[in-house]
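Breakdown of the fold
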Amino acid sequence: MGTIPSETIEQIAAANDIVEVIGSYFPLKRAGANYKALCPFHQEKTPSFTVSPGRQTFHCFGCGVGGSVFRFVMDYEHVDFPSAVRKLAARVGITVVETSRGGAAEEDQQREARRLLLKLHAEAAEWFHNNLMKAQFAAPARDYLEQRGIHGQIIKNWQLGFAPDRWDALLKWALDRGYTRPQLLQSGLVKSRDESDTRSEIYDRFRGRIMFPIHNDVGEVIAFSGRLLKDEEGAAKYLNSPETPLFRKGNVLFGLHKSKRALIEANSAIVCEGQIDLISLFEAGITNVVAPQGTAFTENQARILKRFVDEVVLCFDSDTAGAKAAERSLDALLQNDLIVRVVELPRGEDPDSLVRREGKEKFENRVTSAQDFFDYWIEREMQATDVSSLGAKLQLARRLAETISRVHDSLMRGEVVNKASARLGVSPADFGTLLSTRPRGTASSEAPESAHAQAGPRPRHDIAMLCLLALRDEAARSVLLAQNWRETLEQVPDAEILIRILQSELHPDDPASLSAFMASLSPGEEALVSAWLLQKVPADAETMVEKWWLGIRHAMLRRRLAAAQNRIKLPELSTGDIVNLQKQILDLTQELHQLPKLSSATKIDS
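Overview of the structure. For clarity, every value in this text was computed on a predicted model and none was experimentally measured.

Regarding the packing of helix α16 (residues 373-383) against helix α17 (residues 390-404)
When two helices pack together, their arrangement is given by the angle between their axes and by how far apart the axes lie. It is the contact of α16 with α17, at a shortest axis distance of 11 Å, that shows an interaxial angle of 160 degrees. Considered as vectors, α16 and α17 are oriented roughly antiparallel to each other. In this structure, α16 meets α17 at a crossing whose hand is right-handed. Between α16 and α17, the contacting residues are F374, W377, I378, E381 and M382 on the first element and L396, R399, L400, T403 and I404 on the second. A per-class count over the contact of α16 with α17 returns seven nonpolar, one polar and two charged.

The structure is reproduced here in structure tokens:
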């Protein structure tokens, strides 16, 4: 992968005011020179989340998280650093050009191809959307959506579109914009009549369909799902983009780019089958929702969801297909240690129709009272089985045991065994003999990473004071840089963070350069630095830094002198070793005498 130049990172940081960025997610209140809010990363009643417009940093004095505008977007949006940089760059219209390492021409080509595909998808989404909003031929699509309760503002919110019912409408539009035949085929927006013949005629994949853009979790359009206005014999109601370099169906959750903050806050995801179901729930105010691309969850989708929530509430249609989809989803969800519950919808209803008929509050009540999956599933299986037949009962017991074997959590597994054995009328011990000795997927399961890294351990006080001064005061930083700092600090415990501060090119009076420096730190180090940046600078910083540096020099020289004095007492030293140690002791003693005397405030124990 390429790297983003530090100059670009600094430019993006300078263009994104942290108060405006964080204020676009939740309200901030002025508190003196800073702004405050309830921390979004932990539960609290008194605001301890502080944003500094002067330093362009944030820090929570409750849970310890903190850093630059990049760190906030990473933690709040659950994205990696490059994604946060690109998101903030897009916000202010800056183009991110990554530099390749070691002349990686192939990587450059792949990156450029991806950029063009993203551009094509973004422009196609806008073209489809304009068709739906303005074109006369899209009037039936607007009427259909209006009947489904999806009016103009919702269409804009989700950038819904319409593909004309013609073979080459998008093809001609894209070719006129300069896109090539290979690019269009790679995007999946068009297809070839004969895939074995590279010269075969190509035509639009989506025709006469309402278009739902599919986004990745940072909001980029990577694919489409098209819905027919009316059922046609032999035609699929929904048609998705094929697998492309941008889109892997089993790796994407529809709506996640809009709902992930609500997922984190609720620690629960309502999962529905289709795009319209999700949109109707979201627009009704039920925002912790996602939909798989299809019905059943894949393991990758479950793993993505586990980053945000501990619980999943399946809200599939009440028909047999919906029940089967819930069962097929179970394996992937259990392998990622997600708690699963099921909302039983009235026959003939789906989430879209139900929330429009009953309203938000009643739908939320259904979610709150949703059954544990195993209660729901055991009951369904029992009702469908003639338990008076020994053979049927044994088959059911084995079927139940096979699924229960997938539960990783030993406590949950024991609870489910008790439920199943009670309904079957057998002892838990007898039922337990049917279970697999090891839950499926155990070998590959990974412990989830913690959502946020707290501030790392603070270095000793003298190092912390020098870090504070070097970060906050240009004159104090200049004093330190004029010293032989690297040789001294390499012999001082806990000084790694100070070394990094001094060897960087940051400027204390330039918040953008501070943000670029903080982007190079670990989350714990960044939280530590964000706390220092919010502290008051001692009066006369230049004098203070000289005193603290003098204390470190004294302590380092005393340690080296004591080590030499102890070593010279060792038996069996050669004459040369003794002479060298005597010279070293003399030099260190003279160097100590030449240093100014320390006040008691800056004396440091050796």
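Resuming the write-up.
Let's talk about the pattern of salt bridges
Per the stated rule, a full pass over the model turns up 26 salt bridges. With a shortest N-O distance of 3.1 Å, K260 and E77 are connected by a salt bridge. Remark: E77 occurs in helix α3 (residues 69-77) and K260 occurs in helix α10 (residues 256-266); sequence separation between them is 183 residues. Of the residues examined, K260 reaches a relative accessible area of 2% and is grouped as buried. Among the salt bridges present, the one from R148 reaches D352, with a minimum N-O distance of 2.7 Å. Here the residue R148 occupies a position in the loop between α6 (139-147) and α7 (152-157), and D352 occupies one in helix α14 (residues 351-358), the gap between them amounting to 204 residues.

Describing empty space enclosed by the protein
Under the criterion given, the structure shown has one cavity of 30 Å³ or more. Computed from the structure, the largest cavity encloses a volume of approximately 40 Å³. For the largest cavity, the full set of lining residues is L334, L338, I339, V340, D372, F373, F374 and M412. Going through the elements one at a time, β16 (339-342) and α16 are the ones with two or more residues in the lining of the largest cavity. Per-class residue counts for the lining of the largest cavity are seven nonpolar, no polar and one charged.

Rules used throughout
- Residues numbered from 1 in each chain as written.
- Predicted model: local features only at pLDDT ≥ 70, side-chain atom pairs only at ≥ 80, totals over all residues.
- Heavy atoms only, no water.
- Axes fitted to C-alpha atoms, helices over the stretch in contact; angles between N-to-C directions.
- Helix = DSSP H or I, 4+ residues; strand = E, 2+ residues; numbered from the N terminus.
- Parallel < 35°, antiparallel > 145°, perpendicular 65-115°, else oblique.
- Left-handed = near helix turned anticlockwise from the far one by under 90°.
- Contact = heavy atoms within 4.5 Å.
- Nonpolar A, V, L, I, M, F, W, Y, C, P; charged D, E, K, R; others polar.
- Salt bridge = Lys/Arg side-chain N within 4 Å of Asp/Glu carboxyl O.
- Buried < 20%, exposed > 50% of the residue type's maximum accessible area, 1.4 Å probe, protein only.
- 1 Å grid on protein atoms, 1.4 Å probe; cavity = no way out; pocket = protein on both sides within 12 Å on 5 of 7 lines; lining within 4 Å.
- Points joined across faces, edges and corners; volume = space filled by probe spheres on them.

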